[in-house]
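Commentary on secondary and tertiary structure
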Amino acid sequence: MKKWMIWLLITAFCILPAYGQAADTAETVETEQAEQTPPVQEELPYAVRRMMALEIMEGYEDGLFHPDDALTRAQMAQILCTVLNVEPVNGAWYDAFYSDEQVELGETEAPAADAGSFLDVPSDHWASGVIETICQYGIMVGDGAGNFEPDREMLYEEAVKTMIIILGYRLPSQMAGGYPQGYIATARDLGLLRELSGTAGKPITRLDLAHMLSAALDTEILQCVSYGETRSYETHKDETLLTEIMQLTEITGIVEENDITSMWGPSTLRRGEVKIDNVLLQTGDAADIGKYLAYQVEAYYKHDKKTDKNILHSYLLGSNNIRTVTGKEIIGYADGQIVYERNGKNSSLRIPEDATVIYNGLAAGEWNGQTLTPKSGNVTVINNKGKTVVLVKDYQTIYVASVDTEESIVYDKLGRTEGLVLDTADEDMRITILNAEGGESSFAEIAKGQVLMVAENEHVKEVVLSNRQVSGKIEEERSEEDGPIYIVDQVQYQLAAEYLNSNQRMEFSPGDQVTMYLNAEGKIGWMESSFGGGTNYGYIMQMAKDDGFSATCMFRIYALNGTDEVYKCASRVRFEDKNGNEVTCSGSEVYDKMQGVSGLIEYQINEDNEIKRLILPADKPIPGTRKLYKIGEVTSQTKDNMAFQGWLKTFGGAIYVDSSTKVLCVPADITEADKYIKTNYNMFQVDGRYEVIGYGTDPASPMADIVISGVDASTGALSSWKDRKTMTIALDLMTSLDKDYNEVQKILAYQDGKTVELTLAEEYEYATSPFGTGEYQLEKGDIFRYATDTDGNVSKIYIVYKPGIPNPSGGSDGFVPEMKYRYYISQEAVDRANDTTNLFVGGLTTGLDGNPFQGGFGSDLQNYAHRFSTWSEKSGKTFLGYVYQVSGGIATITTQDITVEKYSPSGIPETEDLQGNLTGIYINTRVPLNIFPIDVVEYGGRELRVTSGSADDIRPYTEFGANCSKVLVAMTGGEPRHMIVLRNMEQ
């Protein structure tokens, strides 16, 4: 027995509803985004949606299907090839398809129709390939005069004939009268023409073709079966164009379970699986079907014989009895009903007690009225097969205070205490980021000052971002149960619940000029005064009482926008002290409360240019708030050991800055406005000592929003060090002759990615390192840094690593000459009980022993342990360490030999190492990779191999254990300039 069949592979086409909208609904809900959304496919007839889901037919670039348009013969050839998925000129396929039928029709050769022979189809025509293929099998033919007429509209009867041929009914159609009447009669008997409105002699429309194709998919094919010399034509139950040619099985049912949850409880499925009416499917290219939990769908899947799994091919939404209401419409829940208002009329949705509730994508074991009444989001009620399922999308609003791009964390200013982690690489979390119109967006689009709506559970996070701002005068304020309603330009704006309940919310009154930051639903996620560019920050220059009757408080303020202004307090002022306590008081009372207060303040002004709200920064974070607080302070006593570390952009690891940080330099006489300087972090020079105070709003981050510097930026900055040589590897020592035939000593060395010859000056020296005697001599394999004289000859050599020195840790040989394994600092700076150290405490009685990161030479050397100072010789410093981990392009390096010891994150050894009043510790630091050269040096007895490397040559302990990389890092002015990875050839 022979059967013709074709394997059809097509990709999925999914109809995606915008956020907060449901597709294929019985009742359409209008939203603010509706006008911006292109026509959705539920408006189209079923046959059209089915063809589009299977990608047999597609819409146009304008998002419309254009059902009444005709299509050309070339387009028809393309559609037929898609249905059959045939390869051009496939003889084996042709034999299976035509050979028996051809004999019955008295034909001895395949239909002679090669697209290359058509006069009007050049080889570069967009459809030449599909025309050649479809004509090769006689499904379409030319006009008999050598033309195919690719741009002519396809006639109704021509389209009918192609359907009959691909279904195998060519012979009975010929016997019924031939083309066209015999083919039309057969098509009518098969039910292919039931939904068509066209007639013979007219072009077939795209809608009629969709109807005919959809019917053809479900028609049993007529198969020519051979038993020896006997042939017969027969159909077999349920063997259709869909099942036999496209190899697809259709299933219509409810999506009962995805890989996150089922309709009844936790999911039992693996990632990429879904159940439809208890049939387990791999989602394949239709991965987003899981979002339609509880929906009825029409799905198509293919059985993979190799894996014995059912692979979902595509789907479209079925007939669902759905009603959706938005959180904005919901009034409340009472007597088993969700009550909502739409178009000025109250309506209700009855929720049975046995209803299944899916809350933010997870089945809710228990639910109540609060579960069903989100303030933002929507509630969708689905009634299918007598079962009620309630889908609740409950969004929380976030006003973005800052974004950590390295860790993929968004910090909120309203009240969310922990950051919102949006790591799309986390396989255990499904993250969807949408724009306000429901289209796809990304983490890179999230920025400070945006308003986000977040719906989340332990496995899923959906984020909808909005950049919408509205500025104007408040015309009216209405008090409602859910907070005030502000009317601006005759439009009402409601506060998002999170902003309403935030202690960061600012009070406004009619007449105030405001800027409102709206979420995707149009609710206010943040609001600030439009005067002075929004929320104002400034430095108090002077304060006094008004001589008038009110005796109100007056301030002279230097604002962070660079203006010097005098403000009077309004008659009533909202005053918030540094502990977060807020009261309303008179301007006179403000004066009393501000006694002894100076420095930075936050304030808001009304349209009369009076201060109506005054906020003092807190001394430390206040839990549950985003109040401005003092992150840290560098004083005259601590500035020497908290110098600015340029590559980390930090003061001693306590205060961090970036390009968004506002910096204000305050003069010694705070009343001299012309001496204030508004600048940014670029004014801070590497290793410069500054007196600064950092202020931030995010308790989880040391990143400063504002830095007040007590140093005049024009004179207070230290000059930055000039760049110095990277490390150099000695390959050989030799004696040669110079141009005057004088004997000179040279070093064959590897430096800056190439081999060089360095000539030693007649008088050169081994310079004393900060903690060594300079007694070691240079040998092959040593790593060194050097200085040159005016002739360019090497005059000083600093040996920074010798491979033959025993390692005091007991690990592999090779160490820094005359250095100790641990760094010794005062016991006062080590808290063993809490496993913490403080390398930046000043005024301690510390010694020099073994700490190359201590301060510059002089009387202050023993006063602190500071790891980012440079040596007095200005050669920079070099430290030896081991790579613990690499994450986000940053290496964590420890001076502890973790090849033989357990890693200490704090740097405190398990066993206390005391030397007098000092205790030994390790230094752990972070070094960004890919910003400086990396070389690899391999030692093996007398062998030495040096190559240029990259970050890929670094082996972190977290991946390689005791085989982790041992490295030398050269620092200049606090910034890494060069790294050498040290290896043992035997390893």
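Residues numbered from 1 in each chain as written. Predicted model: local features only at pLDDT ≥ 70, side-chain atom pairs only at ≥ 80, totals over all residues. Heavy atoms only, no water.

- Going by an unreviewed UniProt entry, the protein carries the name S-layer homology domain-containing protein and comes from Ructibacterium gallinarum.

1. Comments concerning the overall build of the protein
- Helix and strand content of the protein: 12 helices and 57 strands.
- Sorting the 987 residues of the protein into buried and exposed places 52% on the buried side.
- The long-range share in the protein, meaning contacts at least 24 apart out of those at least 6 apart in sequence, stands at 60%.
- Here the protein has roughly 44,400 Å² of accessible surface; of this, 45% comes from carbon and sulfur atoms. (Helix = DSSP H or I, 4+ residues; strand = E, 2+ residues; numbered from the N terminus. Buried < 20%, exposed > 50% of the residue type's maximum accessible area, 1.4 Å probe, protein only. Contact = heavy atoms within 4.5 Å. Areas by Shrake-Rupley, 256 points an atom, 1.4 Å probe, with all protein chains shown as cover.)

2. A word on the packing of aromatic side chains
- Inspection of every chain in the model, using the stated rule, returns 21 aromatic pairs.
- Geometrically, the ring pair formed by Y499 and W526 is tilted, given 5.7 Å between the ring centres and 55° between the ring planes. Here W526 lies in strand β26 (residues 524-529) and Y499 lies in helix α10 (residues 497-500), a separation of 27 residues in the sequence.
- Judged by its relative accessible area of 2%, W526 falls in the buried class.
- Aromatic pair F644 and F651: ring centres 5.0 Å apart, planes at 50°, arrangement tilted.
- Overall, F651 belongs to the buried group, its relative accessible area being 0%. (Phe/Tyr/Trp six-rings, centres within 6.5 Å; stacked < 30°, edge-to-face > 60°.)

3. Some words on helix α8 (residues 206-217)
- Taking 1.5 Å per residue as the helical rise, α8 with its 12 residues ought to reach 16 Å, and the 16 Å between its terminal C-alpha atoms agrees with that figure.
- Of all 12 residues in α8, 11 are buried, a share of seventy percent or more.
- Regarding α8, the residues found buried are R206, L207, D208, L209, A210, H211, M212, L213, S214, A216 and L217.
- Its buried side turned inward, α8 meets α1 (46-53), α2 (73-84), α5 (156-167) and α9 (241-245). (Expected span 1.5 Å × (residues − 1).)

4. Let's talk about the sheet that holds strand β52 (residues 918-921)
- In spatial order, the strands read β46-β52-β51; together these three strands make up an open sheet with antiparallel pairing. Each edge of the sheet is formed by a strand with only one pairing partner; in this case those strands are β46 (823-826) and β51 (914-915).
- In terms of strand pairing, β46 meets β52 through four bridges, oriented antiparallel. By the bridge assignment for β52, I825 is matched with T919. (Pairing = 2+ DSSP bridges.)

5. Points about a negative patch on the surface
- Residues E406, E407, D423, D426, E427 and D428 make up a contiguous surface patch of negative charge.
- Within the secondary structure layout, E407 lies in the loop between β16 (396-404) and β17 (409-412).
- Looking at E407, the relative accessible area reads 41%, which means it is partly exposed. (Patch = residues over 30% accessible without salt bridge, like charges linked within 9 Å, V, L, I, M, F, W, Y side chains within 5 Å. Salt bridge = Lys/Arg side-chain N within 4 Å of Asp/Glu carboxyl O. Lys, Arg positive; Asp, Glu negative; His and termini not counted. Charge placed at Lys NZ, Arg CZ, Asp CG, Glu CD.)

6. Description of the pairing of strand β11 (residues 345-350)
- Pairing geometry for strand β10 (residues 337-342) and β11, over six bridges, is antiparallel. In the strand pairing of β11, Q337 is matched with R350.
- The hairpin turn running from β10 into β11, its antiparallel successor, is two residues long, and N343 in that turn takes a positive phi close to 55°.

7. Quick look at the pattern of salt bridges
- A complete count under the given rule lists 28 salt bridges for this structure.
- Residue R50 is joined to E298 by a salt bridge in which the shortest nitrogen-to-oxygen separation is 3.6 Å. Remark: E298 occurs in strand β6 (residues 296-304) and R50 occurs in helix α1; sequence separation between them is 248 residues. Each member of the pair, R50 as well as E298, is classed as buried.
- Between E158 and R73 there is a salt bridge, and its shortest N-O distance comes to 3.3 Å. Remark: R73 occurs in helix α2 and E158 occurs in helix α5; sequence separation between them is 85 residues.
- Residue class for E158 comes out buried when judged on its relative accessible area of 13%.

8. Focus: the environment of V583
- Note that V583 resides in strand β30 (residues 582-586).
- V583 gets classed as partly exposed once you look at its relative accessible area, which sits at 36%.
- Along the backbone, V583 and V573 are 10 residues apart, and their C-alpha atoms lie at a distance of 8.2 Å.
- Apart from residues lying up to four places away in sequence, V583 is in contact with V573, R574, F575 and K593.

9. Quick notes on unusual backbone geometry
- The peptide bond linking Y179 to P180 adopts the cis configuration, its omega dihedral lying at 5°.
- Following the sequence through the fold, P180 ends up in the loop between α6 (170-175) and α7 (181-190).
- Of note, the phi angle at E55 is positive, near 60°, even though the residue is not glycine.
- For E55, the position within the fold is in the loop between α1 and α2.
- Classification of E55 by relative accessible area gives partly exposed; the value is 24%.

10. What about the sheet that holds β10?
- Spatial strand order, β9-β10-β11: three strands in an open sheet with antiparallel pairing. Edge positions in the sheet fall to β9 (330-334) and β11, since each has one partner strand and no second. On average, each strand axis in the sheet is tilted by 25° relative to the strand beside it, whichever way the strands run.
- Sheet analysis places β9 next to β10, joined by four bridges and oriented antiparallel. Residue pairing across strands places A334 opposite Q337, the latter belonging to β10. (Axes fitted to C-alpha atoms, helices over the stretch in contact; angles between N-to-C directions.)

11. Comments concerning the packing of α5 against α8
- Closest axis-to-axis distance for the α5/α8 pair is 11 Å, and the angle between their directions is 15°. It follows from the interaxial angle that α5 and α8 lie roughly parallel. Note on packing geometry: the crossing formed by α5 with α8 is right-handed. Two secondary-structure elements touch here, α5 through A159, V160, M163 and L167 and α8 through M212, L213 and A216.
- Here the residues of the contact of α5 with α8 sort into seven nonpolar, no polar and no charged. (Parallel < 35°, antiparallel > 145°, perpendicular 65-115°, else oblique. Left-handed = near helix turned anticlockwise from the far one by under 90°. Nonpolar A, V, L, I, M, F, W, Y, C, P; charged D, E, K, R; others polar.)

12. Observations concerning the pairing of strand β12 (residues 356-359)
- Bridge analysis of β12 against strand β15 (residues 387-394) gives four bridges, and the strand direction is parallel. For Y359, the partnering residue across the bridge sits in β15 and is V392.
- Hairpin connection between β12 and strand β13 (residues 362-363): a loop of two residues separates the two successive antiparallel strands, and N360 in this loop has a positive phi of roughly 50°.

13. Here we look at the side chain of E498
- In this fold, E498 is placed in helix α10.
- At 7.7 Å, K523 is the nearest oppositely charged side chain to E498, a buried residue that forms no salt bridge.
- Beyond its immediate stretch of four places on either side in the chain, E498 contacts Y395, Q396, T397 and L414.

14. Overview of the nonpolar core
- Among the nonpolar cores identified, the biggest contains 64 residues, and I56, I131 and M212 are the most heavily contacted of them.
- Every element with two or more residues in this core is listed here: α1, α2, α4 (128-136), α5, α7, α8 and α9.
- Setting aside its immediate chain neighbours within four residues, M212 contacts A159, V160, M163, L192, L193, L196 and I204.
- The next biggest cluster of nonpolar side chains, apart from the first, holds 24 residues, and it includes M263, L281, Y301 and I382. (Core = buried A, V, L, I, M, F, W, Y, C linked by side-chain atoms within 4.5 Å.)

15. Observations regarding the environment of M642
- The residue M642 is located in the loop between β33 (629-634) and β34 (644-645) in this model.
- M642 sits 10 residues away from G652 along the chain, and the two C-alpha atoms are 4.4 Å apart.

16. Describing the packing of α1 against α8
- Direction vectors running N to C along α1 and α8 enclose 70°, while the axes themselves pass 8 Å from each other. Considering the angle they form, α1 stands roughly perpendicular to α8. Where α1 abuts α8, its residues Y46, A47, V48, R50 and M51 lie against L207, A210, H211, L213, S214 and L217.
- Broken down by class, the residue content of the contact of α1 with α8 amounts to eight nonpolar, two polar and one charged.

17. Focus: the side chain of D394
- Considering the arrangement of structural elements, one finds D394 in strand β15.
- An unpaired buried charge is present at D394: no salt bridge exists, and K523, the closest side chain of opposite charge, is 8.7 Å distant.
- Of the polar contacts made by the side chain of D394, one reaches the side chain of Y359; its length is 2.5 Å.
- Beyond its immediate chain neighbours, meaning those up to four positions away, D394 contacts Y359, N360, P374, K375, S376, V454 and A455. (Polar contact = N/O pair within 3.5 Å; in protein donor to acceptor, adjacent residues only side chain to side chain.)

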